[in-house]
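Analysis of the macromolecular model
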Amino acid sequence: MAKKFYITTPIYYVNDVPHIGHAYTTIAADVIARYKRLMGFDVFFLTGTDEHGKKVERAAETQGEKPIQHADRMVERFRSLWKKLNISNNDFIRTTEQRHRAGAASIWNNILEKGDIYPGTYEDWYCTPCESYWPDKELINDKCPQCGRNVEKIKEESYFFRMSKYEKPLMKHIEKNPDFIMPASRRNEILSFIRQGLRDISISRTSFSWGIPVPDNPKHVIYVWFDALTNYLTGCGYTEDMDRFNKFWPADVHFIGKDILRFHAVYWPTFLLSAGLPLPKRVFAHGWWTVEGQKMSKSIGNVVDPNKVADEYGVDVLRYFLLREVPFGLDGDFSETAIKGRLTSDLANDLGNLVHRVMGLSERFLNSTTGLPQSTDSKGASLRETAEKSIAGIHKAMDEQAFQNALTALWELVSAANRYVAEREPWKLAKEKTSDRLSTVIYNSFEAIRLTALMLSPFMPETTEKIRSQIPFAIDGKTLEWGGLGHELAVKKSAPLFAKLEKEPIEIKGEKETKKDEGISIEEFRKIDLRIAEIIDAQNVKGSDKLIKLIVDTGNEKKQIVAGIGKSYTPPELIGKRIIIAANLKPALLMGIESQGMVLASGEPDKLSLIVPEKEAVPGSKVK
Ligand code: MSP
């Protein structure tokens, strides 16, 4: 029987629209869920929404809605975002659902029967944005120590949970299970908090009614954090489907943000200890994202909408960026410059280029097949070793939720494959008519791509599918061995994986389609700054048979242009030519080299003809 794996995200408050912080946890959890499925686990991946409490009640009021109307409307924002981001959750729990309300009440009763709930009066501070109680001495400058906002003095009848009783058992559990709270810095934080002594906590409210009624005393509603935490049980079947619950509980990992660690690493385990239920195996608290160096906040107006980022850069680019940019557990900074950098270098230049290039070689020299491993190849053997090492590194990193390390390990394989193609120079093997070696080199390159795509599939599912539409291989964790590709499969080249690559000169040239009857205006045409330029230097780009780095004189300045004309011209014959360039294109990176313009040429990729002025023309003159 397959081993089970249960992973959760926090359930998000419905008082606000989802932002990049919410997307972060959910994407991270999705990557683990997909990875575990790939490895043959029976995965249960749960997310959902936290819909009760004062904060949601207030938000609804401001909008002139009933709380449930508000929740019904807002929950769709989360659902549609998860769909857009390809989140593969198995269930979505809303705390207003009957299955949750019943389950939460049942946990309350278990704890009550244990003698761990008693009535009293709560008199101290409450922070509604954080939905948390604070004793006077913990306030900082009379504000909430967590979020810095105003707190309210409340005095109301309340039930209390005997958390103090579980101080020692919890401490023991944390000490015995070093991986229970991760990363280690967070574990230490919790240990020192517990060492100061655990107090009993208030777990019901009487001053409003938007919540789950306390069993047998509906004057009280269950404290929203007690209610919310039990979603991890009710979402996997407690109490409506105990078979499912027994199969999946305890959770293998709860993913949360660092701000809600105390609820998950102190309150939650003590509730479970009291209810006599096993504790989750791990609570992993990730860091927070700032935006261009600033805290994300509605008042600053810098809240990043993941929908927009996905529309602008692509879903997979967002998924990759968030997990590659910062180690899970540390804070990170979100900026468009950073995301563009990753897109250009790691994705377009490294991965996109590898796939496009090998597909091109196969099309040109092997009749669009994957080739055969026909001869021994020492560099091929070391590529294989790199692949094996990289895969082992990814497994280890994924077990520690170290996404950044996993992606770094994977990119070692991508770089090794790019180097392999550059060093083995299949185009030369083709000229030499060494078909065995050529076939072997292409086969090995495809094998490296296949293994990359397989290990990438949890992170970038759409990209993997794009690769699979070109190379037919199975998504199956059992085929993670070198050689699992099969022989001489037919492949089908399509567009580069990432939009950036389309900016490569050769792709744009003359091939850009406009809709037949639309046309562009003369103003639009004039936006392109076409000028005469003289080539003063030309050099082949290392590792590419198609790209030549040109230095051109445009009259008053020199520009560096990387042009895809290497199959039609050699560098010496280019020097001194006067050509036409598009001089105001945004700079782009091609194979890591900045290109500051584009040369005009026409013809098939290997029979290109540069467009040159028909009579004498001075560098810098405008082409009209
Ligand atoms: N409803 C509670 C969770 C209950 S779980 C039983 C809650 N909801 S929330 O919508 O306010 O926050 C959800 C998550 O978003 C938290 O894990 C929080 O850490 C995370 N983030 C909020 N802002 C964030 C960033 N700027 N960066 C990263 N994560 C952030 O808390």
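1. What about the overall build of the chain?
Helix and strand counts for the chain come out as 21 helices and 25 strands. Seen through its C-alpha atoms, the chain measures out along the principal axes to roughly 95 × 55 × 45 Å. The buried share of the chain, taken over its 624 residues, is 55%. At a minimum sequence separation of 6, the contacts of the chain that also span at least 24 residues come to 75%. Of note, the chain has its 87 positive side-chain charges centred 1 Å away from the centre of its 84 negative side-chain charges.

2. Overview of the confidence of the model for the chain
Considering every residue of the chain, the mean pLDDT works out to 93; 97% of them sit at 70 or more. This model gives residues 501-517 a pLDDT under 50, and the stretch forms 30 contacts once residues within four places in sequence are excluded.

3. Focus on the packing of helix 14 (residues 378-399) against helix 17 (residues 435-456)
Viewed as axis vectors pointing N to C, helix 14 and helix 17 meet at an angle of 5°, and their least axial separation amounts to 10 Å. When the axes of helix 14 and helix 17 are compared, the pair comes out roughly parallel. Contact residues: helix 14 offers Gly 380, Leu 383, Ala 387, Ile 391, Ile 394 and His 395, while helix 17 offers Asn 444, Ala 448, Leu 451 and Met 455. Looking at the contact of helix 14 with helix 17 residue by residue, the classes come out as seven nonpolar, three polar and no charged.

4. Overview of a nonpolar patch on the surface
Residues Ile 520, Ile 522, Phe 525 and Ile 528 make up a contiguous nonpolar surface patch of about 360 Å² in total accessible area. Position of Ile 528 relative to the elements: it lies in the loop between helix 20 (522-526) and strand 17 (530-540).

5. Describing the site of the ligand
Not every one of the 23 residues close to the ligand is listed here, only the nearest: Ile 11, Asp 50, Gly 257, Asp 259 and Trp 289. Between the ligand and Asp 259, the relevant distance is 2.4 Å, taken from an oxygen atom to a side-chain nitrogen or oxygen of the residue. Here an oxygen atom of the ligand and a side-chain polar atom of Trp 288 are 3.2 Å apart. Out of a free accessible area of 670 Å², the ligand has 94% covered by protein chains. Those elements that place two or more of their residues in the shell around the ligand are strand 1 (4-13), helix 1 (20-38), helix 7 (224-229), helix 8 (231-234) and strand 12 (253-257). With four residues, strand 1 is the single largest residue contributor to the shell around the ligand.

6. Describing the packing of helix 12 (residues 315-325) against helix 13 (residues 336-365)
Remark: helix 12 packs on helix 13, axes separated minimally by 10 Å, with the N-to-C direction vectors making an angle of 100°. Looking at the two axes, helix 12 sits roughly perpendicular to helix 13. Two secondary-structure elements touch here, helix 12 through Val 317, Leu 318, Tyr 320, Phe 321, Arg 324 and Glu 325 and helix 13 through Ala 338, Ile 339, Arg 342, Leu 343, Asp 346 and Leu 347. Of the residues assigned to the contact of helix 12 with helix 13, the class counts are eight nonpolar, no polar and four charged.

7. Describing the pairing of strand 17
Here strand 17 runs beside strand 20 (residues 578-582); their pairing, made up of five bridges, is antiparallel. Note that in strand 20 the partner of Leu 530 across the bridge is Ala 582. Note that strand 17 and strand 18 (residues 548-553) share six bridges and pair antiparallel. Residue pairing in the sheet places Asp 537 in a bridge with Ile 551 of strand 18.

8. Describing the pattern of salt bridges
A complete count under the given rule lists 41 salt bridges for this structure. Arg 262 is the partner of Glu 138 in a salt bridge, and the nearest nitrogen-oxygen pair spans 3.6 Å. One end of the pair, Glu 138, is in the loop between strand 5 (132-134) and strand 6 (152-161); the other, Arg 262, is in helix 10 (residues 261-275), with 124 residues separating them in the sequence. A residue is classified by how much of its surface remains accessible, and Glu 138, at 23% relative accessible area, is partly exposed.

9. Some words on helix 1
For helix 1, with 19 residues, the first-to-last C-alpha span of 26 Å sits near the 27 Å given by 1.5 Å per residue. For helix 1, a buried count of 17 out of 19 residues is recorded, marking the element as mostly surrounded by other parts of the structure. Looking one or two residues beyond helix 1, the residue adopting positive phi is Gly 40, at roughly 90°.

10. A short note on helix 18 (residues 461-468)
Burial in helix 18 covers these residues: Pro 461, Thr 463, Thr 464 and Ile 467. Seen end-on, helix 18 carries its buried residues on one side only, within an arc spanning 160°. Buried residues along helix 18 sit against helix 1, helix 12, helix 13 and helix 17.

11. Points about the sheet that holds strand 11 (residues 217-222)
Taken in spatial order, the three strands of this open sheet run 9-11-10, and their pairing is antiparallel. Only two strands of the sheet have a single neighbouring strand rather than two, namely strand 9 (204-205) and strand 10 (213-214). The sheet contact formed by strand 9 and strand 11 spans two bridges and is antiparallel. Note that in strand 11 the partner of Ser 204 across the bridge is Ile 222.

12. Considerations on the pairing of strand 2 (residues 42-50)
When you tally the buried positions in strand 2, you get eight out of nine residues, the bulk of the element. The sheet contact formed by strand 1 and strand 2 spans eight bridges and is parallel. Within strand 2, the position partnered with Phe 5 by the bridge is Val 43. Once you follow strand 1 into helix 1 and on to strand 2, the crossover reads as right-handed.

13. Structural notes on the nonpolar core
Counting 100 residues, the largest nonpolar core has Leu 85, Phe 255, Phe 334, Phe 403 and Phe 459 as the members making the most contacts within it. Aside from chain neighbours lying at most four places away, what touches Leu 85 is Ala 23, Ile 27, Ala 310, Val 315, Leu 318 and Arg 319. If you look at the next biggest cluster of nonpolar residues, it comprises 64 residues, including Met 163, Ile 260, Leu 272 and Ala 275.

14. Quick look at a negative patch on the surface
On the surface, Glu 292, Glu 312, Asp 333 and Glu 336 cluster together into a negatively charged patch. Within the secondary structure, Glu 292 sits in the loop between strand 14 (289-291) and strand 15 (294-295).

15. Some points on the sheet that holds strand 12
Taken in spatial order, the six strands of this open sheet run 3-2-1-12-13-7, and their pairing is parallel. Taken across any chain shown, the strands that pair with only one partner, and hence form the sheet edges, are strand 3 (91-94) and strand 7 (181-182). In this sheet, strand 3 lies alongside strand 2 in parallel orientation, the contact comprising four bridges. Bridging from a neighbouring strand, Leu 46 pairs with Asp 91 of strand 3. Set on the sheet, helix 10 makes contact with strand 7, strand 12 and strand 13 (283-286); between it and strand 12 the angle comes to about 140°.

16. Some details on the domain arrangement of the chain
With domains assigned, the chain is organised as domain 1 (336-479) and domain 2 (522-610). Computed over C-alpha atoms only, the centres of domain 1 and domain 2 are separated by 29 Å. Taken residue by residue, the interface counts seven residues in domain 1 and eight residues in domain 2. When domain 1 packs against domain 2, the two sides together hide about 590 Å² of surface, and 50% of this comes from carbon and sulfur. Taken as a group, Asn 349, Arg 364 and Trp 427 account for 54% of the area that domain 1 buries against domain 2, more than any other trio of residues on that side. One can count one salt bridge joining domain 1 with domain 2. Residue Arg 364 is joined to Asp 545 by a salt bridge in which the shortest nitrogen-to-oxygen separation is 3.8 Å. Our enumeration of links across domain 1 and domain 2 arrives at one residue pair in polar contact (both at pLDDT 80 or more).

Analysis parameters
- Residues numbered from 1 in each chain as written.
- Predicted model: local features only at pLDDT ≥ 70, side-chain atom pairs only at ≥ 80, totals over all residues.
- Heavy atoms only, no water.
- Helix = DSSP H or I, 4+ residues; strand = E, 2+ residues; numbered from the N terminus.
- Buried < 20%, exposed > 50% of the residue type's maximum accessible area, 1.4 Å probe, protein only.
- Contact = heavy atoms within 4.5 Å.
- Lys, Arg positive; Asp, Glu negative; His and termini not counted.
- Charge placed at Lys NZ, Arg CZ, Asp CG, Glu CD.
- pLDDT = per-residue confidence, 0-100.
- Axes fitted to C-alpha atoms, helices over the stretch in contact; angles between N-to-C directions.
- Parallel < 35°, antiparallel > 145°, perpendicular 65-115°, else oblique.
- Nonpolar A, V, L, I, M, F, W, Y, C, P; charged D, E, K, R; others polar.
- Patch = residues over 30% accessible without salt bridge, like charges linked within 9 Å, V, L, I, M, F, W, Y side chains within 5 Å.
- Areas by Shrake-Rupley, 256 points an atom, 1.4 Å probe, with all protein chains shown as cover.
- Salt bridge = Lys/Arg side-chain N within 4 Å of Asp/Glu carboxyl O.
- Near = heavy atom within 4 Å.
- Polar contact = N/O pair within 3.5 Å; in protein donor to acceptor, adjacent residues only side chain to side chain.
- Pairing = 2+ DSSP bridges.
- Expected span 1.5 Å × (residues − 1).
- Arc of directions from axis to C-beta.
- Right-handed = clockwise from strand over helix to strand, strands pointing away.
- Core = buried A, V, L, I, M, F, W, Y, C linked by side-chain atoms within 4.5 Å.
- Domains from an automatic or database assignment.
- Buried area = accessible area lost by both parts, 1.4 Å probe.

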